[in-house]
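# Report on the structure
Single-letter residue listing:
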Amino acid sequence: MTRILSILGLILIFNMSTMAKNKTDKESIKLTNWLQSEAASVSLPAFHNSLDIESRSFQLQNLLSENYINLEKLRPEENDILEWNNESLKWNIASLSKKGYLNANSSTKHLNYFVSYINVENWCKAKLIVQTFPMLEIYLDGKKIASNYEQKKEEAKELSSNLTLEPGKHCLLIKVLSLNTNNKFKAELKPETGWNNDNFEISTNANQFITINKVLDGKKVNSSALSANGKLVLISYSQTLPPSDETESWKEVQSVENGKIIHTFRGSSLSQIEWLPIGNRLSYTKNYNGKTSIFIFDLDKGQEKEIASGISNFENYTWTPDAKTLIYSEAKDHSKEWKIRKIQGMEDRLPGFRYRSFLYKLDIKSGVKQRLTYGSLSTQLNDISSDSKHILFSQSRPDYNEYPYSKQNLYQMDIETFEVDTIWKDKLFGGSAQYSPNNSKLLVAGGPSCFGKLGENIGKQKIANNYDGQLYILDLNTKKVDPISYDFDPAIGNSVWNKKDGHIYFKANDKDYIKLFKYDLSSKTFSELNIKDDVVKNFNISSNGSTLSYISCNISSPYRLYVYDLNKQESTTVCNPEKEAFDKVTLGKTEDWNFTKKDGKTIIGRVYYPPNFDANKKYPMIVNYYAGTVPVERSFGGRYPLNLYAAMGYVVYLLQPSGATGFGQEFSAEHQNNWGITTADEIIEGTKKFTASHSFINADKIGCIGASYGGFMTMLLQTRTNIFAAAIAHAGISDITSYWGEGYWGYTYSVNASALSFPWSHRKLYVDQSPLFSADKITTPMLLIHGTVDTNVPIGESIQLYQALKLLGKEVDFVEVKNQNHHIVNYTQRILWNNTIFAYFAKQLKDKDEWWNSLYPDENL
């Protein structure tokens with residue numbers, strides 16, 4: 001019996017030991033998957049035996065700590081090549097010894113790079129432990145986290161670093177200096193309490209999901225302008241400069257045919273670089289002691305010539321088509337320093353209201369400058385006639401006596417005689433104008449009400465939405481107006497009347513696409529150009545009218561530049577600056593998903609799936625919308641990069657409720673005097689229908705998010721439904737009345753949101769539909785985010801709802817973004833703002849509050 005008990009005891013001890021060992025193994029992840037570069041030779045510098053100015057000798061560790069290559073961009077895969085001076089070093093799968101050690105090259109004074117990728121689905125913490133004999137440096141995502149600068153022979157040195165890992169794939173890099181001795185090391189990862197091995201995936205696969213840094217960083221193409229003959233293109237680029245909050249912007253001239261860079265203005269202090277309408281010549285400005293000089297640079301001759309100098313308060317300029325005259329503007333701010341003042345009208349409280357701009361002309365041959373306009377109202381140049389003899393300019397002023405509370409005048413001026421003709425006066429809904437090729441007509445861009453009822457096609461609706469862009473042709477002789485886009489549903493943006501072929505080219509919101517179109521005056525028909533992508537950012541046509549350049553993106557790829565041959569109707573890629581950055585980025589599937597309302601109206605939407613989507617699993621969902629006057633286009637990146645939301649493990653459903661432009665005037669007019677009731681119900685209906693028809697959605701874990709008018713929608717939705725488990729409102733409007741009165745553009749925006757309705761006359765609209773006055777109905781946990789200097793939607797809109805919900809005992813959080821306006825543009829704060837959103841959704845939709853608690857720990861106040 002005693003022997004049996006002894007055996008049982010030994011078994012118990014053995015099992016307990018095994019359990020303890022297994023528990024220890026589970027808490028420690030041996031890092032065994034590594035890429036290793038072939039050895040890179042490094043050399044001692046000349047005079048390395050001497051002392052520097054601070055009496056320090058050169059140390060071998062300096063060979064290790066030298067910044068040889070950009071480690072932040074290094075994300076190799078097996079068989080990739082590391083270019084090193086005249087060598088091409090291959091990345092191979094590293095071999096480990098039986099004891100788990102990695103071995104660097106044994107040759108003296110060589111560097112080896114080792115890379116392993118750590119992927120985490122959720123925010124987590126772990127400790128990295130490295131046992132090393134050689135000197136080495138450890139980097140995580142390009143930032144040094146630990147180092148050892150002494151060579152060990154018999155006993156390894158232990159290095160450790162506490163890692164905080166945001167969701168995504170992280171690059172762990174170890175740089176080793178080999179000195180012909182013991183060059184081995186090994187590494188392990190110990191998850192902190194609350195996380196286990198299952199949270200970490202270790203691999204040598206560089207492919208990753210999209211991250212916020214991928215969205216923000218890298219070289220971006222912003223705009224383009226073609227030379228007169230269309231053979232050269234002036235490209236505007238920008239690039240963030242992390243870890244600073246600065247951005248670099250520059251322009252380059254590139255050949256359309258072969259992509260060769262002809263000239264770069266990177267690093268220059270030049271401004272307003274533009275093509276002349278004749279020849280391969282550029283103009284630009286330089287500032288000297290507050291005065292502006294204007295220059296012409298001939299690319300063919302390589303010569304620069306100053307054409308004007310000493311201009312005060314210079315604003316901008318435009319060339320006449322014959323390149324003999326420059327029309328420019330001078331502007332001055334007439335604001336005064338004050339401690340107490342009387343406001344001269346509602347706009348007087350807005351910055352820039354006392355800013356006045358006037359037109360001048362510069363004769364290039366003689367150098368004579370003459371003032372063209374004067375007075376109390378600013379004058380804005382609209383266009384210059386093709387014969388270079390006339391200009392169109394406009395003036396606008398507030399008028400509180402008549403809806404829509406502003407009036408516009410449009411004039412034509414002979415720039416030789418200074419004779420002025422009035423095209424229109426006191427127009428209630430203004431527009432912009434440009435000449436036809438023969439100067440007999442004007443192409444007018446404006447809203448449906450630009451010419452009264454003539455352009456309105458709003459069906460059963462009462463008031464048009466004048467954000468819905470339209471085109472008109474005005475005959476200067478007969479004054480007859482043709483509303484050419486009356487039956488054209490897309491909302492029209494920028495337009496150009498091509499002087500060569502006589503067609504009108506423009507971009508327009510076609511539902512959630514932004515496309516390029518052509519209007520043929522002879523057949524009076526619209527046709528879509530055969531462009532490459534979903535969303536056109538901007539476009540430009542060469543002076544000779546043969547070529548068009550455009551910048552565009554689609555739902556799953558960033559912006560790039562194309563040139564479009566108007567005769568061949570073909571696009572050619574000119575530059576795709578972010579292609580390399582996204583080569584190893586895996587995006588999830590996207591697809592359209594629409595539903596039909598009870599009244600027969602179709603509400604379109606689209607879905608973003610996680611990259612590793614499995615229809616057999618349950619997913620939390622994020623519902624996104626704007627619900628204001630414009631649709632959320634299918635662009636890449638932006639304020640809410642939905643591909644990134646999906647990469648965080650969410651199914652993302654975006655829908656386009658009633659009232660948006662791009663669906664026809666009747667659809668957009670539904671925005672008027674609705675303030676969210678129809679759109680809120682459509683969002684609720686769409687969310688319920690999507691959830692019911694997709695079994696992989698966890699109906700108990702649905703969140704919603706919107707900004708500005710979308711932030712208002714987030715607030716309003718929670719007063720009308722409890723289907724959401726979390727709601728985030730950025731810069732939302734909680735009280736329509738206070739926004740109407742206090743927001744810089746509150747009452748003017750209301751021209752298209754609540755036309756002819758006022759707080760004193762439509763209490764139901766302004767009070768009953770304001771979320772603040774139904775705060776007691778809100779049960780959804782809510783996060784309110786707001787820039788502290790938001791002038792569009794003042795921060796008080798979030799403050800007052802926060803206070804109401806706190807007093808009501810509701811679950812609410814409020815995050816202020818210091819010194820940011822309506823949009824969060826500061827680089828560092830943009831990342832923190834983005835992480836705040838993700839951390840909150842992780843807390844509420846994934847039941848993982850560690851990230852949120854790390855960002856915003858409770859304080860004992």
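Residues numbered from 1 in each chain as written. Predicted model: local features only at pLDDT ≥ 70, side-chain atom pairs only at ≥ 80, totals over all residues. Heavy atoms only, no water.

## Some words on the sheet that holds strand 29 (residues 390-398)
- Ordered in space as 28-29-30-31, the four strands form an open sheet in which the pairing is antiparallel. Strands with a single pairing partner mark the edges of an open sheet, and in this sheet they are strand 28 (380-384) and strand 31 (420-427). Going from strand to strand, the sheet's axes swing by 20° on average, the running direction of each strand aside.
- Taken together, the nine bridges between strand 29 and strand 30 (residues 406-414) define a ladder with antiparallel strand orientation. Bridge pairing in strand 30 places Gln395 opposite Asn409. (Pairing = 2+ DSSP bridges. Helix = DSSP H or I, 4+ residues; strand = E, 2+ residues; numbered from the N terminus. Axes fitted to C-alpha atoms, helices over the stretch in contact; angles between N-to-C directions.)

## Quick look at the sheet that holds strand 21 (residues 281-288)
- As summarised here, the arrangement of the four strands in space is 20-21-22-23, forming an open sheet in which the pairing is antiparallel. Bordering the open sheet on either side are strand 20 (271-275) and strand 23 (303-311), each of which pairs with just one other strand. The average undirected angle you get between the axes of adjacent strands in this sheet is 20°.

## Some words on the pairing of strand 41 (residues 547-554)
- Of all eight residues making up strand 41, eight are buried, and the element is well covered by its neighbours.
- Here six bridges tie strand 40 (residues 535-541) to strand 41, and the two strands are oriented antiparallel to one another. When the sheet's bridge partners are listed, Val535 is paired in strand 41 with Cys553.
- Hairpin geometry of strand 40 and strand 41 is characterised by an intervening segment of five residues between the two adjacent antiparallel strands and by a positive phi of about 75° at Gly545.
- Bridge count between strand 41 and strand 42 (residues 557-565): seven bridges; the pairing is antiparallel. For Leu548, the partnering residue across the bridge sits in strand 42 and is Tyr564.
- Between the end of strand 41 and the start of strand 42, which pair antiparallel, lie two residues. (Buried < 20%, exposed > 50% of the residue type's maximum accessible area, 1.4 Å probe, protein only.)

## Notes on the pairing of strand 22 (residues 291-298)
- Within strand 22, seven of the eight residues are buried, which leaves the element mostly enclosed by the surrounding structure.
- Pairing of strand 21 with strand 22 involves eight bridges; the strand directions are antiparallel. In the strand pairing of strand 22, Ser283 is matched with Ile296.
- A loop of two residues connects strand 21 with strand 22, the two strands running antiparallel in sequence, and Asn289 in this loop sits at a positive phi of about 55°.

## Topic: the pattern of salt bridges
- This structure, assessed with the given rule, holds 34 salt bridges.
- In this structure, Lys584 engages Asp80 in a salt bridge whose closest nitrogen and oxygen atoms are separated by 3.0 Å. Pair noted here: Lys584 is in the loop between strand 43 (570-575) and strand 44 (585-586) and Asp80 is in the loop between helix 2 (61-65) and strand 4 (81-84), with a separation of 504 residues, a long-range link.
- Residue class for Asp80 comes out partly exposed when judged on its relative accessible area of 25%.
- In this structure, Lys453 and Glu456 form a salt bridge, with 3.4 Å as the shortest nitrogen-oxygen distance.
- On the basis of relative accessibility, which here comes to 64%, the residue Lys453 falls in the exposed class. (Salt bridge = Lys/Arg side-chain N within 4 Å of Asp/Glu carboxyl O.)

## Concerning the packing of aromatic side chains
- Summed over all chains, the structure comprises 56 aromatic pairs.
- Taken together, the aromatic side chains of Tyr467, Tyr626, Trp675, Tyr709, Phe712, Tyr739 and Tyr749 make up a single cluster linked through ring pairs.
- For the cation-ring pair, Arg371 lies above Phe358, with the distance from its terminal atom to the ring centre recorded as 4.8 Å.
- Sitting over the face of the ring of Phe451, Lys427 holds its NZ or CZ atom 3.9 Å from the ring centroid. (Phe/Tyr/Trp six-rings, centres within 6.5 Å; stacked < 30°, edge-to-face > 60°. Lys NZ or Arg CZ within 6 Å of the ring centre and 35° of its normal.)

## Brief notes about the environment of Lys453
- Here Lys453 shows up in the loop between strand 33 (441-446) and strand 34 (470-475).
- With 236 residues separating them along the chain, Lys453 and Lys689 place their C-alpha atoms 38 Å apart.

## Topic: helix 7 (residues 709-718)
- Among the ten residues of helix 7, ten are classified as buried, and the element is accordingly described as predominantly covered.
- If you check which residues of helix 7 are buried, you get Tyr709, Gly710, Gly711, Phe712, Met713, Thr714, Met715, Leu716, Leu717 and Gln718.

## Notes on the environment of Gln303
- Structurally, the position occupied by Gln303 is in strand 23.
- The sequence separation of Gln303 and Arg281 amounts to 22 residues, and the corresponding C-alpha distance is 9.6 Å.

## Things to note about helix 11 (residues 796-807)
- Across its twelve residues, helix 11 extends 16 Å between first and last C-alpha, which sits within 8% of the 16 Å expected from 1.5 Å per residue.
- Turning to helix 11, its buried residues number three or more, namely Glu797, Ser798, Leu801, Ala804 and Leu805. Considered in projection along helix 11, the buried side chains sweep an arc of 130° and stay on one side of the axis.
- Packed against the buried residues of helix 11 are helix 7, helix 8 (736-742), strand 53 (782-787) and strand 54 (812-817).
- Looking one or two places after helix 11, you find Gly809, whose phi comes out positive at around 75°. (Expected span 1.5 Å × (residues − 1). Arc of directions from axis to C-beta. Contact = heavy atoms within 4.5 Å.)

## Focus on the side chain of Gln829
- Summarising the element assignment, Gln829 is placed in helix 12 (residues 827-845).
- A distance of 2.8 Å separates a polar atom in the side chain of Gln829 from the backbone oxygen of Lys818.
- Dropping the residues within four chain positions of it, Gln829 is found in contact with Val817, Lys818, Gln820 and Ile824. (Polar contact = N/O pair within 3.5 Å; in protein donor to acceptor, adjacent residues only side chain to side chain.)

Spatial relationships are all this shows, so hold off on functional conclusions.
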